[in-house]
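Given next are the chains, with one letter for each unit.
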Amino acid sequence: MVLSYLRSVTGKKLYSFKLAYIHLLVFIISTLGIYFAYISGNFGGREYWEFPPFFAVLIIAGWILFLINFISSLSSFRNQPVYIWMWMTGIIFFLFTYLESYLWVIPYFRKNLIGDLLIQWKSNGSMVGSWNMLIYGSSIFLMEKISGNKETSQSSIAFILYFTGLFNLMFNWGHHIYTLPTAPYVQYISYAVSMTELFIIGRIIFNWKKTLDTAQKNLHILSYRLLLSADIWVFLTLALAILMSIPGINVYTHGTHITVAHTMGATIGINSFILLATITDNSEDNCSNLLHYHKIINKGIWISNISLLIFWCSLIGAGIKKAIWQTAEVQNSFSMMMQELKPYFIVFMAAGISLAIGLFCIIFPLMKMKISCIFKK
Amino acid sequence: MIKDIFVLNYYSGMEFNEKNKILTAGILLLTFTVYSFHLYSSLPRQNLAKADDSNGKLVWQEKNCISCHQIYGLGGYLGPDLTNVYSTKGPEYIKAFLKTGTVVMPNFKLSDKEIQELLGYLKNIDQTGKADPRTFTISYNGTIKQ
């Protein structure tokens, strides 16, 4: 998607389509290989990357090809809009943090149990920020395309917000490991840096009215509706993230389902809706408009948002219950606590099924259109 | 006034030219690099001279224990946090679980060597500190300490 958008920004062809196809092929091969490894119970990696480390080489190779194609396709780095900075940051930092997350293969790092955990979550935390740079960059590009206002992405405010994001990407990862016995400054730096996100949330609150006015004008555009959904989830997820970044609160929420709620809100509520918005926009540009499917996609957006809210609340409910258990003077056994969480898990499962149906209502028409478009061509 | 700060109106007239952008990015990048390498070079030192320590961790990864269990609150949610299981439950208790599994945990059919290596890992991680949230105190400024 980034490479496709880059072409419309520069108005030129990609540096190399061949490289882009090889990049895609490498990712398809590694994805299939990873699924095969999971199905056959062949692990060896760590959280998020549980597959055998060999596949990491393929992922790194694919990412390097992406970086080469991106940089070479840009004619100049001067006066570029903020989303070009964001995409570039996302690609470079993802590559760096991904490599960093594999430092454990070196015994010096692996044998330091606490140090290894520290680096693991330093890299994972920044990696999420890198991915967000790619996603939010696409979102800003799309928003600019819808509004037709090219000045926003060149404004000082856009760059102040970008640098706030970059600052957080680099230094706020410590909230994952507040309870780890590391040097206290890791906690202080992360806590202080995380609080700069208050500016972002404050901006969302104070611009709420303006956002609603814009929403009324553009609500008929499907990709805009999806972006608006993502905006709502940005607010909810960011509010939760800021609370969890306060060590005094984090000590209760850490290791509970509240952390999962935060992750799900971010991955499904923000990332998936932005990705769906970009796919919708791309399909309408390159195939035909989706007028035929507006009704079903709209329904899908409503179903998935409401389901996700219930899904999210059930996780927070389970998390609060677990937090109470974790801090109780006298604790039941772990299995008894899990039994008590059962009602929350039932709601979670029902909301999850409904969420899948909602997403299917959005994805199915997009896929149908895309396939018929390929055959027509 | 508060609104002006949050909406960033105060900065709207600020000149953010190419030079400023590159300078800001450069300072951030340099700070990040220095901080990262400082962390790499000052990893918390532990007395882990025995060869089986890292092997225990590799068994832990190969059997994907982290998908259900946690270490310092990091990991899965189906099983309990195992950071201090070695000192609270003891090696025999852990061995019994590893050998037979439970209603929820499958029997991974671990060899005696793998069990010993995992015990070594759990013993070492136990000695690094306490993961129990009840052992933390919260300061007035929101920070925590043990």
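Residues numbered from 1 in each chain as written. Chains lettered and ligands numbered in written order. Predicted model: local features only at pLDDT ≥ 70, side-chain atom pairs only at ≥ 80, totals over all residues.

## Concerning the overall build of chain B
Logical step 1: A tally of regular secondary structure across chain B gives six helices and four strands.
Logical step 2: Scanning chain B from its N terminus toward the C terminus, one meets helices and strands in the order α-α-α-β-β-α-α-α-β-β.
Logical step 3: Each of the 146 residues in chain B was classed as buried or not, and the buried ones make up 25%.
Logical step 4: The contacts of chain B with a sequence gap of at least 6 include a subset with a gap of at least 24, amounting to 53%. (Helix = DSSP H or I, 4+ residues; strand = E, 2+ residues; numbered from the N terminus. Buried ≥ 20, exposed ≤ 12 C-beta atoms within 10 Å, placed from the backbone. Contact = placed C-beta atoms within 7 Å.)

## Concerning the interface of chain B and chain A
Logical step 1: Between chain B and chain A, the contact holds 46 residues from the first and 53 residues from the second.
Logical step 2: Breaking the side of chain B that touches chain A down by element, the ones donating at least two residues are helix H1 (2–6), helix H2 (18–41), helix H3 (52–62), strand S2 (74–75) and helix H6 (112–126) of chain B.
Logical step 3: Counting residues per element, the side of chain B that touches chain A draws most heavily on H2 of chain B, which supplies six residues.
Logical step 4: By residue class, the composition of the side of chain B that touches chain A is 23 nonpolar, 15 polar and eight charged. (Nonpolar A, V, L, I, M, F, W, Y, C, P; charged D, E, K, R; others polar.)

## Section: the packing of helix H9 (residues 197–206) of chain A against helix H11 (residues 222–244) of chain A
Residue and element names in this part refer to chain A.
Logical step 1: As a packed pair, H9 and H11 sit with axes 10 Å apart at the nearest point and diverge in direction by 145°. As H9 packs across H11, the resulting crossing turns out to be left-handed. The segment H9 lies against H11, with Glu197, Leu198, Ile200, Ile201 and Ile204 engaging Phe235, Leu238, Ala239 and Ile242.
Logical step 2: Of the residues belonging to the contact of H9 with H11, the class tally is eight nonpolar, no polar and one charged. (Axes fitted to C-alpha atoms, helices over the stretch in contact; angles between N-to-C directions. Left-handed = near helix turned anticlockwise from the far one by under 90°.)

## A few points about the nonpolar core
Logical step 1: Residues Trp87, Leu227 and Ala230 of chain A are the most contacted members of the largest nonpolar core, which totals 67 residues.
Logical step 2: Leave out the neighbours within four places in its chain, and leucine 227 of chain A touches Ser139, Leu142, Met143, Ile274 and Ala277 of chain A.
Logical step 3: In terms of nonpolar packing, the next biggest core, distinct from the first, is built from 29 residues, Leu117, Leu118 and Ala323 of chain A together with Ile71 of chain B among them. (Core = buried A, V, L, I, M, F, W, Y, C linked by C-beta atoms within 7 Å.)

## Re the packing of helix H6 (residues 113–147) of chain A against H11 of chain A
All names here are of chain A.
Logical step 1: At their nearest, the axes of H6 and H11 sit 11 Å apart, and the two run at 135° to each other. As far as their axial angle goes, H11 and H6 are oblique. Crossing of H6 against H11: the hand is left-handed. Residues Ser139, Leu142, Met143 and Ile146 of H6 touch H11, and the partners they reach there are Ser223, Tyr224, Leu227 and Ala230.
Logical step 2: Class assignment of the residues belonging to the contact of H6 with H11 gives a composition of six nonpolar, two polar and no charged. (Parallel < 35°, antiparallel > 145°, perpendicular 65-115°, else oblique.)

## Structural notes on the confidence of the model for chain B
Residue and element names in this part refer to chain B.
Logical step 1: For chain B, mean pLDDT is 85; residues scoring 70 or higher make up 82% of the total.
Logical step 2: When pLDDT is averaged over each helix and strand of chain B, the minimum, 55, is found for H1 and the maximum, 95, for strand S1 (residues 70–71).
Logical step 3: This complex was scored by the predictor with a pTM of 0.89 and an ipTM of 0.88. (pLDDT = per-residue confidence, 0-100.)

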